[in-house]
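Structure at a glance
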Amino acid sequence: MEKTNVRTHHYCLLSLLLFRLIEKAALVATTSTDVINTNVAFTVRGLSSEVQIISTCNFEASEDILKLAGSNHVLRVGEIMGL
């Protein structure tokens, strides 16, 4: 099997696994950087319109972006911690 086919196969398996996990989840919480949290929110929202997504952000400007990405709630941790 060619390397490209193996990568595609692994990608498909990971996508299916992620879909199954999100399908059964009641809540997804993201606590990484604002950029990663946005990517996670987009991905999860693309797989499920039902699951609740709670994200943290460090910058005020990121709050609107995370909400547009599909987060139901955004906690401005940077502001709370005085960053």
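Residues numbered from 1 in each chain as written. Predicted model: local features only at pLDDT ≥ 70, side-chain atom pairs only at ≥ 80, totals over all residues. Heavy atoms only, no water.

1. Looking at the pairing of strand E3 (residues 73-76)
Summarising the sheet, strand E2 (residues 52-57) and E3 pair through 4 bridges and their orientation is parallel. The residue of E3 that forms the bridge with Thr-56 is Leu-75. Assessed by its sense of winding, the connection that carries the chain from E2 through helix H3 (residues 60-69) to E3 is right-handed. (Pairing = 2+ DSSP bridges. Helix = DSSP H or I, 4+ residues; strand = E, 2+ residues; numbered from the N terminus. Right-handed = clockwise from strand over helix to strand, strands pointing away.)

2. Let's talk about the sheet that holds E3
Pairing is parallel in the open sheet, where 3 strands are placed in the order E1-E2-E3. The open sheet is flanked by strand E1 (27-30) and E3, the only strands paired with a single partner. Geometrically, the sheet is characterised by an average inter-axis angle of 15° between neighbouring strands, direction not taken into account. (Axes fitted to C-alpha atoms, helices over the stretch in contact; angles between N-to-C directions.)

3. Some remarks on helix H2 (residues 34-47)
In this model, H2 (14 residues) spans 20 Å end to end at C-alpha, consistent with the 20 Å of a helix rising 1.5 Å per residue. Within H2, burial applies to Asp-34, Asn-37, Thr-38, Ala-41 and Val-44. The buried side chains of H2 occupy one side of the element, clustering within an arc of 135° when seen end-on. H2 presents Val-35, Phe-42 and Gly-46 as exposed residues on the side facing more than 90 degrees away from its buried surface. (Expected span 1.5 Å × (residues − 1). Buried < 20%, exposed > 50% of the residue type's maximum accessible area, 1.4 Å probe, protein only. Arc of directions from axis to C-beta.)

4. Details of a nonpolar patch on the surface
Among the surface-exposed residues, Leu-16, Leu-18, Phe-19 and Leu-47 lie close enough to one another that they form a single nonpolar patch of about 290 Å² accessible area. For the nonpolar patch, the element with the highest residue contribution is helix H1 (residues 3-24), accounting for 3 residues. (Patch = residues over 30% accessible without salt bridge, like charges linked within 9 Å, V, L, I, M, F, W, Y side chains within 5 Å. Areas by Shrake-Rupley, 256 points an atom, 1.4 Å probe, with all protein chains shown as cover. Salt bridge = Lys/Arg side-chain N within 4 Å of Asp/Glu carboxyl O.)

5. What to know about the pattern of salt bridges
In total, this model carries 3 salt bridges according to the counting rule given. Between Glu-63 and Lys-67 there is a salt bridge, with the nearest N and O atoms lying 3.5 Å from each other. Highlighted residues: Glu-63 and Lys-67, both in helix H3, separated by 4 residues, approximately one helical turn. For Glu-63, a relative accessible area of 16% translates into the label buried. The residue Arg-76 makes a salt bridge to Glu-63 at a minimum N-O spacing of 3.0 Å. Here the residue Arg-76 occupies a position in strand E3, and Glu-63 occupies one in helix H3, the gap between them amounting to 13 residues. What you see here is one network of salt bridges that share partners, running through Glu-60, Glu-63, Lys-67 and Arg-76.

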